[in-house]
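Now for the letters of each chain:
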Amino acid sequence: MKGKIINDPVYGFLKFPEPELMQVIEHPWFQRLRHVKQMGMASLVYPGAVHTRFHHSLGACHLMGKALDELRAKGVEFSKEECVAARLAILMHDIGHGPFSHALEYSLVAGVTHETISRLIMVRINELTGGLLSKTVQIFQHTYPRKYLHQLVSSQLDVDRMDYLNRDSFYTGVSEGVIGYDRILQMLTVREDELMVEEKAVHSVEKFIIARRLMYWQVYLHKTVLGAENLINNILRRAKYLAQNGENLFCTPALHYFLYNKVDGENFKSDPAHLELFCQLDDADIVSAIKVWQTHHDFTLSLLCKMMIERKLYKVMLSSAPLDHMLAEKQEIAMKKYGILPEDLYYFVFTGTTSNNTYDINDENIQIAMKDGSVRDISEVENALVNQTLARPVHKNYICYLQG
């Protein structure tokens, strides 16, 4: 199988000379990512944010190649097979995402993360290809001896985050997400099997961390995006409730299965058929159903779907203080103006909390290789921007309600 060169608007030409990578890229389960939006419902706020998990996965794989090239040039030893395995691990790290990515993470399958489904897909493809992904699965699961290869796939300074910040910034037009990824990649190093960054790149790493914070509050957790994601979750919650009470709903075959059956992580592990059904789902299944459900006789499902299609979303307020005191007033408006029944109010007026960690000091930390030979956490570097204050998670309360 020949390699390919793919033109990417963010990095230019991406090279995939390895036949193993092309075998995975051309697999139907990977091609499905062409139809899964990278940023869920964010395009309702940022119209350009219609790029896909397919774009992101190719970009992250490209950055993995650049990172490994830099490490090899600095004398870090690894085999060609390990390089391919690491590239495959990052290529497939998001293959388990369902429709609209994070927006519907737990809506269709209870209690199963996309990382778990990604691993199960890797294991399944490995079985079907006679061991093509054996090292890849180990790297992804953090069981491979070379620790830094997993850190490049998943850590607080991985190529996944480098690509999505750069790419999401590009497609939304939000310049705060632009990072000096080239500088960071060139300053990567490995000491005692740990991935680190040379001291002279400390400010580029700080910019990377701050950019992630700004992108979360300005884009990923933007109040309208938050409201839209709650709306699509409530649509599927109502559809599941109706389906499991015997109501007839228009669905594609794959969506029908997940709405009318209770599927959890154990089902995925025990029966590969669940995995194959899941890999038939993408954004189109959900959008086509929502369009049809607008005319369903169930008032609640119909209204929720019309709100989504016509972009008449929840009004959302964010606050550091609790907002429960506003519930009664907003519920009264919903009942009087829209005719919402008391037992269905929680679909239309509700509170919640959201949070973001700029830098988690309890996670796998970003280590800085100092010029004097010592190693420090990024938050402990002298005059560091990323200090104990920024390392604390920020929590915000929100209320979603119908417009009065």
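Above: the structure in question.
Throughout what follows, the structure given in this document is the object of discussion. (Residues numbered from 1 in each chain as written. Predicted model: local features only at pLDDT ≥ 70, side-chain atom pairs only at ≥ 80, totals over all residues. Heavy atoms only, no water.)

Another aspect to go through is the overall build of the chain. When its secondary structure is counted, the chain shows 17 helices and nine strands. Its C-alpha radius of gyration of 23 Å places the chain within 12% of the 22 Å reference for a compact globule of 404 residues. The C-alpha extent of the chain, read off along each of the three principal axes, is 70 × 50 × 35 Å. When the 404 residues of the chain are sorted by exposure, 54% land in the buried category. (Helix = DSSP H or I, 4+ residues; strand = E, 2+ residues; numbered from the N terminus. Rg over C-alpha atoms; globule rule 2.2 N^0.38 Å. Buried < 20%, exposed > 50% of the residue type's maximum accessible area, 1.4 Å probe, protein only.)

Within the open sheet, the four strands sit side by side as β3-β4-β7-β8. Their pairing is mixed. One side of each edge strand has no neighbouring strand; the edge strands of this open sheet are β3 (188-191) and β8 (375-377). Neighbouring strand axes in the sheet, compared pairwise and without regard to direction, differ in orientation by 45° on average. Examined bridge by bridge, β3 and strand β4 (residues 194-198) share four bridges and lie antiparallel to one another. Looking across to β4, one finds that T189 is bridged to M196. (Pairing = 2+ DSSP bridges. Axes fitted to C-alpha atoms, helices over the stretch in contact; angles between N-to-C directions.)

Attention now goes to the sheet that holds strand β5 (residues 315-319). Read across the open sheet, the three strands follow the order β5-β9-β6; overall the sheet is antiparallel. Only two strands of the sheet have a single neighbouring strand rather than two, namely β5 and β6 (350-356). The mean inter-strand angle of the sheet, taken between neighbouring strand axes irrespective of direction, is 25°. Lying on the sheet, helix α10 (residues 202-220) is in contact with β6 and β9 (394-401); it crosses β6 at an angle near 165°. (Contact = heavy atoms within 4.5 Å.)

Counted under the stated rule, the structure contains zero disulfides. For the unlinked cysteine C61, the closest cysteine sulfur is that of C83, found at 8.9 Å. Considering cysteine sulfurs only, C251 is the nearest to C279, which forms no disulfide, with 19 Å between them. (Disulfide = S-S within 2.5 Å.)

Packing of helix α3 (residues 53-73) against helix α8 (residues 159-172) leaves a shortest axis separation of 8 Å and a crossing angle of 125°. Here α3 lies oblique to α8, going by the angle between them. Viewed along their axes, α3 and α8 form a crossing whose handedness is right-handed. Mapping the contact onto sequence places H55, H56, G59, A60, L63, M64 and A67 in α3 and V159, D160, M162, D163, Y164 and R167 in α8. (Parallel < 35°, antiparallel > 145°, perpendicular 65-115°, else oblique. Left-handed = near helix turned anticlockwise from the far one by under 90°.)

Let's shift gears to the packing of α3 against helix α4 (residues 80-91). Axis separation between α3 and α4 bottoms out at 8 Å; the angle between their running directions is 150°. It follows that α3 is roughly antiparallel to α4 by the angle criterion. For the pair α3 and α4, the sense of crossing is right-handed. Packed against α3, whose contacting residues are S57, L58, A60, C61, H62, M64, G65, L68 and R72, the element α4 presents C83, A86, R87, I90 and L91 at the interface. The class makeup of the residues in the contact of α3 with α4 is nine nonpolar, three polar and two charged. (Nonpolar A, V, L, I, M, F, W, Y, C, P; charged D, E, K, R; others polar.)

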